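Observations on the model geometry
Spelled out, the chains give:
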Amino acid sequence: LTIPNWQKFTEAIGRIFTYGKKFDQGQVATYIPQLARIDPKKWAVSICTIDGQTESWGDFRDPFCMQSVSKPFTYAIAIEQLGADYVHSFVGQEPSGRLFNEICLNNVFKPHNPMINAGAIVVASLLYQKEVLSTRFEYSLREFDRFAGGGRISFNNAVFLSERETADRNYALAYYMREHKCYPEKTNIREALDLYFQLCSVSTTTNSLAVMAATLANGGICPLTKDRVVCTIAVRDTLSLMLSCGMYDYSGQHAFKVGLPAKSGVSGAMIIVIPNLMGIALYSPPLDMLGNPVRGVKFAEKLVEEFKFHQYDSL
Ligand code: GLN
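A brief structural summary. The residue count restarts for each chain, going from 1 along the sequence in the order it is written. Note on the predicted model: pLDDT of at least 70 is required for a residue's local features to be given, and 80 or more for side-chain atom pairs to be given and counted; whole-chain, interface and lining totals, by contrast, use all residues. Hydrogen atoms and water are omitted, and side-chain values are computed over all heavy atoms in the structure.

**Structural notes on unusual backbone geometry**
- Although it is not a glycine, phenylalanine 109 adopts a positive phi angle of roughly 60 degrees.
- A run of DSSP states H or I qualifies as a helix once it reaches four residues; a run of E qualifies as a strand once it reaches two. Both are numbered from the N-terminal end. Note on placement: phenylalanine 109 falls in the loop between helix 4 (84-87) and helix 5 (117-126).

Next comes the structure, spelled out in structure tokens:
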């Protein structure tokens, strides 16, 4: 087994979970009622190793929408299906240094990277482009399900409807990108946006999200089902971008202090991937000034302090 003394290890993680509880700063996202109403006290952590050992703490049975945590998975699916050359003819690999929903493109008029809204909307436009929207959503969700090893993946229609209603910024971004020919020809913008909102509205629990993260940690093979969901290249590309761009404008600091690929979302969901070891899913709705879950960030720092999991700790 990857972690021989499981009990000792999980006790230590449990202590970091308890340590995380101390932090009650931050604000819950309020741009849609479904997020504004969430109990800020929710706090859940789940881990899943690459050989399928799992453990969870706190509110790990409570569903939440993935929001931007869906972006690395959507991107990995796109790379798997379409290849990196094609995907990256539409989207860059550079941190934007700007807000996740800012209306800006890089100097060749492409979105900076697939982890911010502009990039993720373009990636959504590439996914299963030849199919009708219902099929595109169905196929995408089926892949999410494979990442989770058949775990609890569902869809929150209330969140989807709200996202679509309050998305002036995303519409503006989408049309600005059409002006700059950021999509494949014949792209239906409304459908690309709908698919983007639907993927943000995929609902899960930390339990299942940890398995999804562990599939990345395991090079694309789900540790529970042994199903190869995506190729190792797709995982390598995804983890590289999570490390440089996964934590909004905190990504540089996170890479420096924690040194592990991670992704956060406005719902308070967050994943951390420890390559060749395990996936971690966290859920705590209050966000800091940069939009990352306060407890998630604290947890990640403490984890690395205790276990030397920073990618350069092994030097
Ligand atoms: N639905 C949100 C948006 O598009 C997702 C962004 C996020 O989680 N950062 O604005």
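**Remarks on the packing of helix 5 against helix 9 (residues 189-200)**
- Fitting a line to C-alpha atoms yields each axis, with helices limited to the stretch in contact; the angle taken between N-to-C directions then spans 0 to 180 degrees. Closest axis-to-axis distance for the helix 5/helix 9 pair is 8 Å, and the angle between their directions is 110 degrees. By the angle between their axes, helix 5 is roughly perpendicular relative to helix 9. You can see that helix 5 and helix 9 cross each other, and the crossing is right-handed. Contact with helix 5, carried on its side by Asn117, Ala120, Ile121, Ala124 and Ser125, involves Ala192, Leu193, Leu195 and Tyr196 of helix 9 and no other residues of that element.
- For this classification, Asp, Glu, Lys and Arg are treated as charged, while Ala, Val, Leu, Ile, Met, Phe, Trp, Tyr, Cys and Pro are nonpolar and the rest, including Gly, are polar. Among the residues forming the contact of helix 5 with helix 9, the class breakdown is 7 nonpolar, 2 polar and no charged. By definition in this entry, angles of less than 35 degrees are roughly parallel, angles greater than 145 are roughly antiparallel, angles of 65 to 115 are roughly perpendicular, and the rest are oblique. Here a crossing is taken to be left-handed if its near helix is turned anticlockwise relative to the far helix by less than a right angle, and right-handed if that turn runs clockwise. Throughout, a contact is declared for two residues whenever any of their heavy atoms are within 4.5 Å.

**Remarks on the sheet that holds strand 3 (residues 64-65)**
- Between any two strands, at least two bridges found by DSSP are needed for them to pair. If you walk across this open sheet you meet the 3 strands as 3-5-4, and the pairing is antiparallel. At either margin of the open sheet sits one strand with a lone partner, and together these are strand 3 and strand 4 (154-155).

**Considering the site of the ligand**
- Summary of the distance rule: residues count as near a molecule or strand when at least one heavy atom falls within 4 Å of that molecule or strand. Around the ligand lies a shell of 13 residues, among which Gln67, Ser68, Glu163, Tyr196 and Tyr248 are the nearest.
- Separating a nitrogen atom of the ligand from a side-chain N or O atom of glutamine 67 is a distance of 2.7 Å.
- Glutamate 163 places a polar side-chain atom, nitrogen or oxygen, 2.7 Å from a nitrogen atom of the ligand.
- Working definition of accessibility: Shrake-Rupley area with a 1.4 Å probe, residue cover restricted to the visible protein chains. Alone, the ligand offers 300 Å² of accessible surface; in the complex the protein occludes 95% of this. Polar contacts here mean pairs of N or O atoms no more than 3.5 Å apart (in protein, one a potential hydrogen donor and the other a potential acceptor; neighbouring residues in sequence count only if both atoms are side-chain atoms).

**Thoughts on the packing of aromatic side chains**
- Two rings from Phe, Tyr or Trp (for Trp, the six-membered ring) form a pair when their centres sit within 6.5 Å of each other. Planes less than 30 degrees apart are called stacked, planes more than 60 degrees apart edge-to-face, and all others tilted. Using the criterion set out here, one finds 16 aromatic pairs in the structure.
- Look at phenylalanine 73 and phenylalanine 147: their rings are 5.0 Å apart centre to centre, the planes differ by 70 degrees, and that puts the pair in the edge-to-face class. Taken together, the residues phenylalanine 73 in helix 3 (residues 70-82) and phenylalanine 147 in helix 6 (residues 133-147) connect sequence positions 74 residues apart.
- Relative accessible area decides the class of each residue, using a 1.4 Å probe on protein chains only: under 20% of the type maximum gives buried, over 50% gives exposed, and in between gives partly exposed. Given a relative accessible area of 0%, phenylalanine 147 falls into the buried group.
- Ring geometry for tyrosine 86 versus phenylalanine 90: centroids 5.1 Å apart, planes at 70 degrees, classification edge-to-face.
- Using a relative accessible area of 30% as the deciding quantity, one classes tyrosine 86 as partly exposed.
- On the basis of relative accessible area, phenylalanine 90 is assigned to the buried category, the value being 13%.
- An aromatic cluster of three or more residues is present, and its members are Trp6, Phe9, Phe307 and Phe309.
- Only lysine NZ and arginine CZ atoms are considered, and such an atom sits over a ring when it is within 6 Å of the ring centre and within 35 degrees of the ring normal. Taking the ring centre of tyrosine 248 as reference, the NZ or CZ of lysine 263 above it sits at 4.6 Å.
- Positioned above the aromatic ring of tyrosine 19, the side-chain terminus of lysine 302 is 4.8 Å from the ring centre.

**Here we look at the sheet that holds strand 6 (residues 262-264)**
- Across the sheet, 5 strands lie side by side as 2-1-8-7-6; this open sheet has antiparallel pairing. Both edges of this open sheet fall to strand 2 (54-58) and strand 6, since each of them pairs with a single strand only. Shown here is a sheet whose adjacent strand axes are inclined to one another by a mean of 10 degrees, direction ignored.
- One ladder, built from 3 bridges, connects strand 6 with strand 7 (residues 269-274); its direction is antiparallel. Bridging from a neighbouring strand, lysine 263 pairs with isoleucine 271 of strand 7.
- The sheet strands contacting helix 13 (residues 294-307) are strand 1 (44-49), strand 7 and strand 8 (278-283), and the helix crosses strand 7 at an angle near 20 degrees.

**With respect to the pattern of salt bridges**
- Salt bridge, as applied in this entry: a Lys or Arg side-chain nitrogen positioned within 4 Å of an Asp or Glu carboxyl oxygen. Under the counting rule described, the total for this entry stands at 11 salt bridges.
- Put simply, aspartate 62 and lysine 42 hold a salt bridge, and the shortest N to O gap is 2.7 Å. Remark: lysine 42 occurs in the loop between helix 2 (33-36) and strand 1 and aspartate 62 occurs in the loop between strand 2 and strand 3; sequence separation between them is 20 residues.
- Residue class for aspartate 62 comes out partly exposed when judged on its relative accessible area of 21%.

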